[in-house]
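Architecture and fold: a report
Here's the letter readout for the chains.
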Amino acid sequence: TRSTRPQRLLGAVQKSATRGDPCSVVNAIDQFCRHTEWAMNVGDEKGCILDSVVSEVNPATVLELGTYCGYSTVRIARLLPPHAKLITLEFNPDFAAIARQVIAWAGMEEKVHLVEGASGEWIPKIKEQFGVKALDLVFLDHWKDQYLPDTKLIEECGLLRKGSVLLADNVIFPGAPQYLEYVRSSQQYESQYFKSHLEYTKVEDGLEKSVFLG
Ligand SMILES: Cc1ncccc1-c1cc(O)c2nc[nH]c(=O)c2c1
Ligand SMILES: [Mg+2]
């Protein structure tokens, strides 16, 4: 039976990337998705913006909503100091199974906790399950309609501190208008839009960076 897109993406990683080298995994996925088969990774152009935000925040604890095949998981984890923790939530078990193998190929297992399940169920459990006091960075890249309810849930669970950063993908395409309205109008956030393009295309998209003011 026909392979799935995530399986073909994993195959490209295993063929072209070096075990234990996260940069080669990122590059192999970008090469595959640009020249062979498009996939919904944050990609190289928005990925550079992600890199700059991660480096600026230098987070001890990161929450990623939406793992998919683990591209941004590896992209973020490669920049984290040794004992930093990245918790990534993925609802789709088939995606999670591929992501685990991509993360392992990159040698990033130590820094990554991949949790299979719904963000709405798991966000309230993060503090107790992972001994997390606060999230330094949240990367929203799961489902546009979940960005706002999950942000409110993260606030209600007391997971943000002064200076915590929310970074949201796809705020233009597919688009998260209610989320944008919320973070841009709230007195509790200082928001900034980074104009870019939908991964591997010329279509406009961008990332919204929102600093929690407490
Ligand atoms: C799948 C797709 N088709 C056409 C245009 C954009 C997308 C697209 C792109 C992304 O970066 C996504 N990130 C997280 N979750 C998504 O559902 C998603 C969908
Ligand atoms: Mg995305």
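Summarised in this report is the structure supplied together with it. (Residues numbered from 1 in each chain as written. Chains lettered and ligands numbered in written order. Predicted model: local features only at pLDDT ≥ 70, side-chain atom pairs only at ≥ 80, totals over all residues. Heavy atoms only, no water.)

A separate point is the coordination of the magnesium ion (ligand 2). For a metal with four donors in a tetrahedral arrangement, the ideal angle between donors is 109.5 degrees, while six donors in an octahedron ideally sit at 90 or 180 degrees. Coordination of the magnesium ion (ligand 2) by the protein is provided by Asp 141 (OD), Asp 169 (OD) and Asn 170 (OD1), with metal-donor distances spanning 2.0 to 2.2 Å. Going along the chain, you hit the donors of the magnesium ion (ligand 2) in the pattern D-x27-D-N. With Asp 141 in the loop between strand S4 (137-140) and helix H8 (147-156) and Asp 169 in the loop between strand S5 (165-168) and helix H9 (171-175), this pair connects stretches of sequence that are 28 residues apart. Given a relative accessible area of 12%, Asp 141 falls into the buried group. (Donors = N, O, S within 2.8 Å, 3.2 Å for Na, K, Ca; no water. Helix = DSSP H or I, 4+ residues; strand = E, 2+ residues; numbered from the N terminus. Buried < 20%, exposed > 50% of the residue type's maximum accessible area, 1.4 Å probe, protein only.)

Per the stated rule, a full pass over the model turns up four aromatic pairs. Consider the rings of Tyr 68 and Phe 95, whose centres lie 4.8 Å apart with planes at 90°: the pair is edge-to-face. Here Tyr 68, found in the loop between strand S1 (61-65) and helix H4 (71-77), pairs with Phe 95, found in helix H5 (residues 93-105); they are 27 residues apart in sequence, far enough to count as distant. Pairwise contacts between aromatic rings join Tyr 182, Tyr 189 and Phe 212 into one cluster. A cation sits over an aromatic face here: Arg 19 above Trp 105, 4.2 Å from the ring centre. Between Lys 125 and the ring centre of Trp 122, over which it is positioned, the NZ or CZ distance is 4.7 Å. (Phe/Tyr/Trp six-rings, centres within 6.5 Å; stacked < 30°, edge-to-face > 60°. Lys NZ or Arg CZ within 6 Å of the ring centre and 35° of its normal.)

Next up on the list: the side chain of Thr 61. Among the secondary structure elements, Thr 61 is positioned in strand S1. In this structure, Thr 61 is in contact with Lys 85, Val 132, Ala 134, Leu 135, Asp 136 and Leu 137, ignoring residues within four places of it in sequence. (Contact = heavy atoms within 4.5 Å.)

This part takes up the state of the cysteines. This model, assessed by the stated rule, comprises zero disulfides. As a non-bridged cysteine, Cys 33 has Cys 69 as the owner of its nearest cysteine sulfur, 7.9 Å distant. Given the relative accessible area of 3%, Cys 33 is considered buried. Judged by its relative accessible area of 0%, Cys 69 falls in the buried class. (Disulfide = S-S within 2.5 Å.)

By themselves, these observations are geometric and do not establish any function.
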